[in-house]
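Spelled out, the chains give:
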Amino acid sequence: MMANSTNQIEKYVDKIEINGCLYEEIYDPKTEVAKFTFLDKNQQIQEVTHYDDGNIRYLPMVDNFVRDRIVIFPTKAVPYGTDKDLLQEIESFIKQYIDISEEDAKICTWTIPMYYFYDKLGMAIPYLRALGDTGCGKSRLLDTVGLISYRPIPLSGAVTPAILYRVSERWKGTMIIDEADWEHNEMYSTVIKIINCNEPNRTVLRCGGKNHDKVVAFNPFCPRIFGTRRNFTDIAAESRMLTIQMKETSRKDIPKVLDDTFYKKQEELRNKLLMFRLSNWNSINSSIKPNLDC
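Residue positions are given per chain, counting from 1 as you read along its sequence in written order. The predicted nature of this model means local features are confined to residues of pLDDT at least 70 and side-chain atom pairs, given and counted, to a pLDDT of 80 or more, with totals for whole chains, interfaces and linings taken over all residues. For the side-chain quantities, the full set of heavy atoms in the structure was used; hydrogens and water were omitted.

Among the buried residues, those of types Ala, Val, Leu, Ile, Met, Phe, Trp, Tyr and Cys that are joined through side-chain atoms within 4.5 Å form a nonpolar core. In this scheme, a residue with accessible area under 20% of its type's maximum is buried, one over 50% is exposed, and one in between is partly exposed, where area comes from a 1.4 Å probe on protein chains only. Counting 75 residues, the largest nonpolar core has Ile100, Leu141, Val145, Trp182, Ile195, Phe226 and Phe232 as the members making the most contacts within it. Strands are runs of DSSP state E lasting at least 2 residues, helices are runs of H or I lasting at least 4, and numbering of each runs from the N terminus. The dominant element in this core, judged by the number of residues it contributes, is helix H9 (residues 260-280), at seven residues. Membership of the second largest hydrophobic core comes to nine residues, among which are Ile16, Tyr23, Phe38 and Tyr51.

The following block contains the structure:
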């Protein structure tokens, strides 16, 4: 946050909610321009470079994470037809690029839209996990399903707990962690604690660097998709997984290499899912409790 020459305070954020209207950051890597997109009172898509609220000017956050595509934003909001149309399009895309069962394809298809509202649901969310040996398509599932999830952040299993804390706190997107078979050591224990914090308002306190008098609060709550060769030994972590069992495929129609067609379709789905989020934002009420007596 900083003040300009007119004493207006500039605040960099990834989204804003003002009077029930959600402003979401978008970023075009071709032009390197970030904006906020929102739906006006007539439900028309609008884009602005900033939003002024009194003496505060809200601006979209752009840093090397965004420029280098470590965190991937939609480029714009795009109409998608009906909710059924969108779900069918997601499922068709998944089946085109990975060989999984009908049930698992449905699980992935329905989990992705849920991730677009994880910050509004006020409840624990499950993680997706691709489980299987080498060469069974785990990375392909992470590429296909993960990169159309909400604000994807592709990472490797080599990340440290400090990175997991800070990235989830700053960007609040879907962490996609390949090769997540951590060794059983102190770092593994800390990572498992982060994984188990899959509910809102589970703040974690850490000391700031070498200054033990400075305590920093992190909220590690965000969607995550893992690729692993084995189960987690922690029972609580296992209970949070929606596991997709991967196997070698005999299908000849699955592309061996992901080309421009794949990435273009992926961007299109992210843009449609952003529209899904904007259109349904005010329909989600975390105070509504489901009726389980059925």
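Here the focus is helix H3 (residues 102-115). The span one expects for a helix is its residue count, reduced by one, times 1.5 Å. With 14 residues, H3 should cover 20 Å at 1.5 Å per step; its first-to-last C-alpha distance of 20 Å lies within 8% of that length. By the burial criterion, the buried members of H3 are Asp104, Ala105, Cys108, Thr109, Thr111, Ile112, Pro113 and Tyr115.

Here we come to the pairing of strand E6 (residues 45-48). Each pair of strands is called paired provided DSSP finds at least two bridges between the two strands. Bridge count for strand E5 (residues 33-39) against E6 is four bridges, and the pairing is antiparallel. Following the sheet pairing, Phe38 is matched in E6 by Gln46. Linking E5 to E6, which pair antiparallel, is a turn of five residues; within it Gln43 sits at a positive phi near 65°.

Let us now look at the packing of helix H2 (residues 83-97) against helix H5 (residues 138-146). Two elements in contact, H2 and H5, have axes separated by 10 Å at closest approach and are oriented at 160°. Put simply, H2 runs roughly antiparallel to H5. Our pair here, H2 against H5, has a crossing hand that is right-handed. Contacts between H2 and H5 pair Phe93, Ile94 and Tyr97 from the former with Arg140, Thr144 and Val145 from the latter. Gly counts as polar in this scheme, as do all residues outside two lists: the nonpolar Ala, Val, Leu, Ile, Met, Phe, Trp, Tyr, Cys and Pro, and the charged Asp, Glu, Lys and Arg. The residue inventory of the contact of H2 with H5, partitioned by class, reads four nonpolar, one polar and one charged. Structural elements are reduced to axes, namely lines fitted to C-alpha atoms, with helices fitted over the stretch in contact, and the angle between N-to-C directions of any two is expressed from 0 to 180 degrees. Every angle not falling under 35 degrees, over 145, or within 65 to 115 is termed oblique; those three ranges are roughly parallel, roughly antiparallel and roughly perpendicular. For a crossing to be left-handed, the near helix must be turned anticlockwise from the far one by less than a right angle; the clockwise case is right-handed. Contacts are assigned to residue pairs with any non-hydrogen atoms lying within 4.5 Å of each other.

Turning our attention to unusual backbone geometry. Look at Lys172: it is not a glycine, yet its phi comes out positive at around 55°. By the element assignment, Lys172 lies in the loop between helix H6 (161-171) and strand E11 (174-178). For Lys172, a relative accessible area of 30% translates into the label partly exposed. Unlike most non-glycine residues, Glu179 shows phi in positive territory, near 55°. With respect to the element layout, Glu179 can be found in the loop between E11 and helix H7 (186-196).

It is worth spelling out empty space enclosed by the protein at this point. As defined here, a cavity is a set of points on a 1 Å grid over the protein atoms alone where a 1.4 Å probe fits but cannot get out. A pocket is an open set with protein on both sides within 12 Å along at least five of seven lines, and residues line them when an atom is within 4 Å of a point. Grid points are joined across faces, edges and corners, and a volume is the space filled by probe spheres set on the points. On inspection of all chains with the given rule, the structure shows two cavities of 30 Å³ or more. Space inside the largest cavity adds up to approximately 60 Å³. Every residue lining the largest cavity is listed: Ala180, Asp181, Trp182, His184, Tyr188, Arg230, Asn231, Phe232 and Thr233. Of the residues assigned to the lining of the largest cavity, the class counts are four nonpolar, three polar and two charged. Size it by volume and the second largest cavity reaches roughly 40 Å³. In terms of lining, the second largest cavity is formed by Glu24, Glu25, Phe73, Pro74, Tyr116, Ser149, Tyr150, Arg151 and Arg270. Looking at the lining of the second largest cavity residue by residue, the class counts come to four nonpolar, one polar and four charged.

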